[in-house]
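One letter stands for each residue in the lines below.
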Amino acid sequence: MALYLGVMSGTSLDGLDIALIKQEQRLTLLATHYIPMPSTLRDDLLALCASGPDEIARAALAEDAWVRLAAQGINQLLAEQHLQPADIRAIGSHGQTIRHEPARGFTVQIGNPALLAELTGITVVSDFRRRDVAAGGQGAPLVPAFHESLFDTQGERLAVLNVGGFSNLSLIEAGTPVSGFDCGPGNVLLDAWIHDRQGCSYDADGAWAASGKVVPDLLARLLSDPFFAGTGPKSTGREVFNLAWLRRHLNTLPASPEADVQATLLELTAHSIVSSLQAAQNDTQALLVCGGGAHNVTLMRRLASLLPNARVSSTAASGIDPDWVEAMAFAWLAHCCLQGIAANRPSVTGAAGLRVLGAIYPA
């Protein structure tokens, strides 16, 4: 039996998800821990997503603060589970993405794995994306191989949808290599708009979006972005979709009620997911949703409406809590690295071939 920890901090920057897994023939989730992101650290990390003064020093300070927060959460989880560092084979740490530009040949996740190993006394595996990018791939999404290992298709054409800051799909069908790609914005614009207009960190249950009406002209302008015309392999991030991008489009049209803008952003998320899915797997029988978007009641209803011939549900329907799938994935990626198992999928990222992902920092 091997125990691994996975640490995930996504584009929402609300906090760190930590998952403890047991890896045998099948993976088992044993325990979880969530630690909120301090607002000052969140602001520092968000600022690093765009060019600014003294970036190298600011990034170094921010990643050390991120690591100390992660170590705090890991040590709390170990104490709760009556475990010692020696009981854990490795931590799989995604780090925090501050730039993702595979078209220019780079992706940057900060998270000082050497310091994390020092503070926890546990081997750390990190820097999962850059080997795939070095091989000509997008470096993202990395979860389709994990989704393939986790979910039994039972002979169905299955899609697993992660809706975090951005949305990505894994397409799984028996006898066919798994495929997948980023669809576009998930929660990133919804969160940014409600924070800008109401000071809330997110739209609970999609209630504000549900109170508005879709603005067709705005939706058409948003969907005109070249990203949506491309086919996989493809990935994206805050470099493309952000509040400034939204405002540029808003400035070209007559002013709309703020709730209508939110409704349109939710429709953008739903439309980009469904159109991408139908183009790649138009006979999907089941769509399993994980990530924060699985709790957005309005989004889930809209996806079900747009996919009347598929069962749309949270991954909870398959026994996997939707909040912990990505943290589990990075624990699994650490296992793959230490075992020498290739964990990228060229059919997903476009890399030149299968690669073992991650860099190892021994305890």
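For the structure itself, look to the data block above.
These remarks concern the structure in this document.

Rules used in this analysis
- Residues numbered from 1 in each chain as written.
- Predicted model: local features only at pLDDT ≥ 70, side-chain atom pairs only at ≥ 80, totals over all residues.
- Heavy atoms only, no water.
- Helix = DSSP H or I, 4+ residues; strand = E, 2+ residues; numbered from the N terminus.
- Rg over C-alpha atoms; globule rule 2.2 N^0.38 Å.
- Buried < 20%, exposed > 50% of the residue type's maximum accessible area, 1.4 Å probe, protein only.
- Contact = heavy atoms within 4.5 Å.
- Lys, Arg positive; Asp, Glu negative; His and termini not counted.
- Charge placed at Lys NZ, Arg CZ, Asp CG, Glu CD.
- Pairing = 2+ DSSP bridges.
- Axes fitted to C-alpha atoms, helices over the stretch in contact; angles between N-to-C directions.
- Salt bridge = Lys/Arg side-chain N within 4 Å of Asp/Glu carboxyl O.
- Phe/Tyr/Trp six-rings, centres within 6.5 Å; stacked < 30°, edge-to-face > 60°.

### Observations concerning the overall build of the protein
1) Next: A tally of regular secondary structure across the protein gives 14 helices and 13 strands.
2) Next: The C-alpha atoms of the protein give a radius of gyration of 20 Å, which matches the 21 Å a tight globule of 363 residues would have.
3) Next: Overall size of the protein, expressed as C-alpha extent along the three principal axes, is 60 × 50 × 40 Å.
4) Next: Out of the 363 residues in the protein, the part that is buried amounts to 54%.
5) Next: Within the protein, contacts between residues separated by at least 24 positions form 69% of all contacts whose residues are at least 6 apart in sequence.
6) Next: In the protein, the 24 positive side-chain charges and the 34 negative ones have mean positions that sit 4 Å from each other.

### Focus: unusual backbone geometry
1) Next: Residue Pro141 follows Ala140 across a cis peptide bond; omega there is -10°.
2) Next: In this fold, Pro141 is placed in the loop between α4 (130-134) and α5 (144-150).
3) Next: Residue Gly232 is joined to Pro233 through a cis peptide bond whose omega torsion reads 0°.
4) Next: Tracing the chain through its elements places Pro233 in the loop between α9 (226-229) and α10 (243-250).
5) Next: For His82, which is not glycine, the phi dihedral falls at a positive 55°.
6) Next: Structurally, His82 is set in the loop between α2 (55-80) and β4 (90-93).

### Looking at the sheet that holds strand β9 (residues 166-173)
1) Next: Pairing within the open sheet is mixed, and its 5 strands lie in the order β10-β9-β8-β11-β12. Looking along the sheet, the strands with just one partner apiece sit at the ends: β10 (176-185) and β12 (311-314). Taken pair by pair, the neighbouring strands of this sheet meet at an average axis angle of 20°, ignoring direction.
2) Next: With 7 bridges connecting them, β9 and β10 associate as antiparallel partners. Bridge pairing in β10 places Asn168 opposite Asp182.
3) Next: Contacts from helix α11 (residues 258-280) reach β8 (158-163), β9, β10 and β11 (286-290), with the element oriented near 155° to β10.

### Here's the deal with the pattern of salt bridges
1) Next: This structure, assessed with the given rule, holds 10 salt bridges.
2) Next: Glu24 is paired through a salt bridge with Lys22; the nearest N and O atoms lie 3.8 Å apart.
3) Next: Relative accessible area serves as the criterion here: at 44%, Glu24 is assigned to the partly exposed category.
4) Next: For Glu101, the salt bridge goes to Arg104, with nearest N and O atoms at 3.1 Å.

### Some points on the pairing of β4
Two faces, one strand: in a regular strand the side chains alternate between the faces of the sheet.
1) Next: Residues Ala90 and Gly92 point to one face of β4 and Ile91 and Ser93 to the other, with burial holding for every one of them.
2) Next: The sheet contact formed by strand β1 (residues 2-8) and β4 spans 4 bridges and is parallel. Bridged to Tyr4 within β4 is Ala90.
3) Next: Pairing analysis gives 2 bridges linking β4 to strand β7 (residues 124-126), with the strands arranged parallel. From the neighbouring strand, Gly92 faces β7, where its bridge partner is Val125.

### A short note on the packing of aromatic side chains
Two numbers describe a pair of aromatic rings. These are the distance of the centres and the angle of the planes.
1) Next: Under the criterion given, the structure shown has 6 aromatic pairs.
2) Next: Ring centres of Phe227 and Phe241 lie 5.7 Å apart, and the angle between their planes is 85°; on these two criteria the pair is classed as edge-to-face. Of the two residues, Phe227 is situated in helix α9 and Phe241 in the loop between α9 and α10; the sequence distance between them amounts to 14 residues. Taken as a pair, Phe227 and Phe241 share a single burial class, namely buried.
3) Next: Relative to Phe241, the ring of Phe228 has its centre 5.4 Å away and its plane inclined at 40°; by these criteria the two rings are tilted. Of the two residues, Phe228 is situated in helix α9 and Phe241 in the loop between α9 and α10; the sequence distance between them amounts to 13 residues.

What is shown is where atoms sit, not what they do.
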